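Residue-level listing of the chains:
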Amino acid sequence: MNPQKNKFEKMEEFFDLRATGYDGHMAENVNDYEVFYNSIAEPILKTESPIKLLDLGCGTGLELEYIFAKAPNADVTGIDLSQEMLDQLISKYIDKSDQIEVIRGSYLDVELLSDEYDYIISVMSLHHFLPDIKLNLYKKIWRALKPGGFYIEGDYIVSKIKEVELLADYNDRLENNEFLQEELFHLDIPFSIETQQELFDRAGFTDFELIFEGDEAGVYSVKK
Ligand SMILES: C[S@@+](CC[C@H](N)C(=O)[O-])C[C@H]1O[C@@H](n2cnc3c(N)ncnc32)[C@H](O)[C@@H]1O
């Protein structure tokens, strides 16, 4: 990963432009691709029941293949900013269309019902937000989960030292008016596992589990 490579593109436009060819790009560029995406589904119990699952930043739905392998009748809601990414998801899972609802919008803004989902997942989507924004989102996720429900996240992770550097660089660019904080830009600021765990604790989650840790990315789950 080159964290600041695409620094000034708006998030939605960034993914709209790259939706075609996105799946192939990920298969080639995500280290341990199969292990990583398999790990997302690991906490999900094998079931034929229509469990309720929410996918934040679902994109083209790469992770859903692994979810449906565990829970073929899952009732899935996917939220994403990019219509082009959602269109890829819809055409890929045409045989599951009665089980999938997509919402085009920002998961930071879309209102979620309380105690609604058995599982909420987010894969490769949350490494663009400052700690306070992530904390508020984690609190919202906590409220939307049923008691005993799991939140599973797979994302880029960095060392604590790198995290401090990235946040300082982000703040410098913000002070220099290189981008507007009110708008969503494709700027990468992944956190360390330690920071992730601290944010989950503060949001009220328990049972943090590190399911997979690779060179650049990790998968972890927490429980409501
Ligand atoms: C790298 S892709 C990951 C897609 C998919 N989860 C995967 O693992 O292949 C990141 C996705 O998050 C979406 N995204 C980023 N910020 C978002 C936001 N605030 N609300 C909704 N979607 C967002 C992007 O549009 C993009 O489709």
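Residue numbering note: each chain is counted from 1, following its sequence as written. Note on the predicted model: pLDDT of at least 70 is required for a residue's local features to be given, and 80 or more for side-chain atom pairs to be given and counted; whole-chain, interface and lining totals, by contrast, use all residues. The side-chain values count all of the structure's non-hydrogen atoms but skip hydrogen atoms and water molecules.

By convention in this text, a residue qualifies as near a molecule or strand provided that one of its non-hydrogen atoms is within 4 Å of it. The environment of the ligand is formed by 21 residues, the closest being Tyr22, Tyr37, Glu63, Asp80 and Ser125. Coverage of the ligand by the protein amounts to 98% of the 600 Å² it exposes when considered alone. Throughout this entry, Asp, Glu, Lys and Arg are counted as charged residues, while Ala, Val, Leu, Ile, Met, Phe, Trp, Tyr, Cys and Pro are counted as nonpolar. The remaining residues, Gly among them, count as polar. Among the residues making up the shell around the ligand, the classes are represented as 13 nonpolar, 6 polar and 2 charged. Values of accessible area rely on a 1.4 Å probe in the Shrake-Rupley scheme; residue burial ignores everything except the protein chains shown.

Quick look at the environment of Val35 now. Helix and strand labels come from DSSP, where a helix needs a run of H or I of at least four residues and a strand needs a run of E of at least two; each type is numbered from the N terminus. Note that Val35 resides in helix α3 (residues 33–41). Taking relative accessible area as the criterion, Val35 reaches 43% and is therefore assigned partly exposed. Val35 sits 170 residues away from Phe205 along the chain, and the two C-alpha atoms are 25 Å apart. Only protein chains enter the area calculation, which uses a 1.4 Å probe; residues under 20% of their type maximum are buried, those over 50% are exposed, and those in between are partly exposed.

Moving on, we get to the nonpolar core. Counting residues in each nonpolar core, the largest one holds 39 residues, and the members touching the most others are Met26, Phe36, Tyr37, Ile44, Leu64, Ile67 and Met124. Element by element, the count of residues in this core is highest for α3, at 5 residues. In this view, Tyr37 contacts Met26, Leu62, Glu63, Tyr66, Val123 and Met124; residues no more than four positions away in its chain are not counted. Side-chain atoms within 4.5 Å are what join buried Ala, Val, Leu, Ile, Met, Phe, Trp, Tyr and Cys residues into a set we call a nonpolar core. Within the second largest apolar cluster, 33 residues are counted, among which are Leu54, Ile157, Phe185 and Phe205. Any two residues whose heavy atoms approach within 4.5 Å are treated as being in contact.

At a closest axis distance of 9 Å, the pairing of helix α6 (residues 131–144) and helix α8 (residues 193–203) adopts a crossing angle of 50°. Overall, the two elements α6 and α8 adopt an arrangement that is oblique. Crossing of α6 over α8 shows right-handed handedness. Touching Pro131, Lys134, Leu135, Tyr138, Lys139 and Trp142 of α6 are Gln196, Leu199, Phe200, Arg202 and Ala203, all from α8. Its residues assigned to classes, the contact of α6 with α8 comprises 7 nonpolar, 1 polar and 3 charged. To define axes, lines are fitted to C-alpha atoms, for helices over the stretch in contact only, and angles between the resulting N-to-C directions are given on a 0 to 180 degree scale. Any angle from 65 to 115 degrees is called roughly perpendicular, while one under 35 is roughly parallel, one over 145 is roughly antiparallel, and all others are oblique. A crossing counts as left-handed when the near helix is turned anticlockwise from the far one by less than a right angle, and as right-handed when that turn is clockwise.

Once that is clear, we can look at the UniProt feature "domain: Methyltransferase" (unreviewed entry) in the protein. UniProt positions are given in the numbering used here, feature names are shortened, and annotations may be inferred rather than shown by experiment. UniProt annotation of "domain: Methyltransferase" (unreviewed entry) refers to residues 54–149 when read in the numbering used here. Here residues 54–149 is 32% helix and 27% strand, with 11 Å between the C-alpha atoms at its ends.

To continue, consider unusual backbone geometry. As a rule of thumb, non-glycine residues mostly have phi less than zero, and peptide bonds are mostly trans rather than cis. Here the phi dihedral of Asp115 falls at roughly 50°; this positive angle occurs in a residue that is not glycine. Within the secondary structure layout, Asp115 lies in the loop between β3 (100–104) and β4 (117–123). Taking relative accessible area as the criterion, Asp115 reaches 42% and is therefore assigned partly exposed. Its identity is not glycine, yet Met124 carries a phi of approximately 55°, on the positive side. Of note, Met124 is situated in the loop between β4 and α6. Judged by its relative accessible area of 9%, Met124 falls in the buried class.

Two rings from Phe, Tyr or Trp (for Trp, the six-membered ring) form a pair when their centres sit within 6.5 Å of each other. Planes less than 30 degrees apart are called stacked, planes more than 60 degrees apart edge-to-face, and all others tilted. Applying the stated criterion across every chain, the model contains 16 aromatic pairs. Here the aromatic rings of Phe36 and Tyr37 are separated by 5.0 Å at their centres, their planes lie at 85°, and the arrangement is edge-to-face. On the accessibility criterion, Phe36 (0% relative accessible area) is buried. Take Tyr37: its relative accessible area is 1%, and that puts it in the buried class. Geometrically, the ring pair formed by Phe208 and Tyr220 is stacked, given 6.0 Å between the ring centres and 20° between the ring planes. Remark: Tyr220 occurs in strand β7 (residues 217–223) and Phe208 occurs in strand β6 (residues 206–213); sequence separation between them is 12 residues. When its relative accessible area of 22% is taken as the criterion, Phe208 is described as partly exposed. Here Tyr220 falls in the buried class, since its relative accessible area comes to 1%. Counting every residue linked through ring pairs, the aromatic cluster contains Tyr138, Tyr151, Phe200, Phe205, Phe208 and Tyr220. A cation over an aromatic ring shows up here: Lys96 above the ring of Phe68, its NZ or CZ 4.8 Å from the ring centre. The ring of Trp142 has Lys224 lying over it, and the distance from NZ or CZ to the ring centre is 4.4 Å. We call a charge positioned over a ring when the NZ of a Lys or the CZ of an Arg lies within 6 Å of the ring centre and within 35 degrees of the ring normal.

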